[in-house]
Amino acid sequence: QVQLVESGGGLVQAGGSLRLSCAASGRTLSRNVVGWFRQAPGREREFVAGISWRTYYGDSAKGRFTISRDNAKNTVYLQMNSLKPEDTAVYYCAAALIETVNQEDFDSWGQGTQVTVSS
């Protein structure tokens, strides 16, 4: 398995931006599908964005978030713009071997980073 560590979360005002990072060790991420998920209090974890040979997004992220990877740094990023209070959640990155939105298919997870968007 690959070890994943998220960073970049914090408190931001509505309309602001944050860039989350997912740094990997133990295995190169370039051969993996990497996904970002989020979980708000009292809600189920939901898919946000994924990157394989292409990028793909959940409905909540389309048009506002961008996922990218830097293979030299073995890191995947999630650029989040035009943030809304409803984006408040713990954000997790995860690695899989297939292109998927199902969290059951991801076998390595980070510990999560908190994103709080104030109104």
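Above this text is the structure in question.
Numbering of residues starts from 1 in every chain and runs along the sequence as written. Residues qualify for local features only when their pLDDT is at least 70, as the model is predicted, and side-chain atom pairs are given and counted only at 80 or more; totals for whole chains, interfaces and linings, by contrast, use all residues. Hydrogens are left out, water is left out, and the side-chain values use all remaining heavy atoms of the structure.

Notes on the overall build of the protein chain
Then, in step 1: Helix and strand assignments come from DSSP, with helices taken as H or I runs of at least 4 residues and strands as E runs of at least 2, each series counted from the N terminus. Each helix and strand counted, the protein chain has 0 helices and 11 strands in total.
Then, in step 2: Based on C-alpha atoms, the radius of gyration is set beside the globule rule, defined as 2.2 Å times the residue count to the power 0.38. Taking 2.2 N^0.38 as the reference for a compact globule, 119 residues should give roughly 14 Å; the C-alpha atoms of the protein chain span a radius of gyration of 13 Å, in line with that estimate.
Then, in step 3: Overall size of the protein chain, expressed as C-alpha extent along the three principal axes, is 40 × 25 × 25 Å.
Then, in step 4: The burial tally for the protein chain puts 45% of its 119 residues in the buried class.
Then, in step 5: In the protein chain, of all internal contacts separated by at least 6 residues, the share reaching a separation of at least 24 is 59%.
Then, in step 6: The Shrake-Rupley method, run with a 1.4 Å probe sphere, supplies the accessible areas, and residue values consider only the shown protein chains as cover. For the protein chain, the computed accessible surface area is about 6,000 Å², with 46% contributed by carbon and sulfur atoms.
Then, in step 7: We treat Lys and Arg as the positive residues and Asp and Glu as the negative residues; His and chain ends play no part in the count. By convention, the charge on Lys lies at NZ, on Arg at CZ, on Asp at CG and on Glu at CD. One way to put it: in the protein chain the 12 positive side-chain charges average out to a point 6 Å from where the 11 negative ones average out. Think of it in three bands: residues with accessible area under 20% of the maximum for their type are buried, residues over 50% are exposed, and the middle band is partly exposed, with areas taken using a 1.4 Å probe on protein chains only. Any two residues having at least one pair of non-hydrogen atoms within 4.5 Å are treated as being in contact.

Considerations on the pairing of strand β4 (residues 33–39)
Then, in step 1: Counting buried positions along β4 gives 6 out of 7 residues, so the element sits mostly inside the fold.
Then, in step 2: When DSSP locates at least two bridges between a pair of strands, those strands are taken to pair. Pairing of β4 with strand β9 (residues 89–96), which is carried by 7 bridges, proceeds in the antiparallel orientation. Residue Val33 lies in a different strand from β9, and its bridge partner there is Ala96.
Then, in step 3: Here 5 bridges tie β4 to strand β5 (residues 46–51), and the two strands are oriented antiparallel to one another. Paired with Phe37 across the strands is Phe47, a residue of β5.
Then, in step 4: Hairpin connection, β4 to β5: the antiparallel pair is bridged by 6 residues, and Gly42 has positive phi, about 75°.

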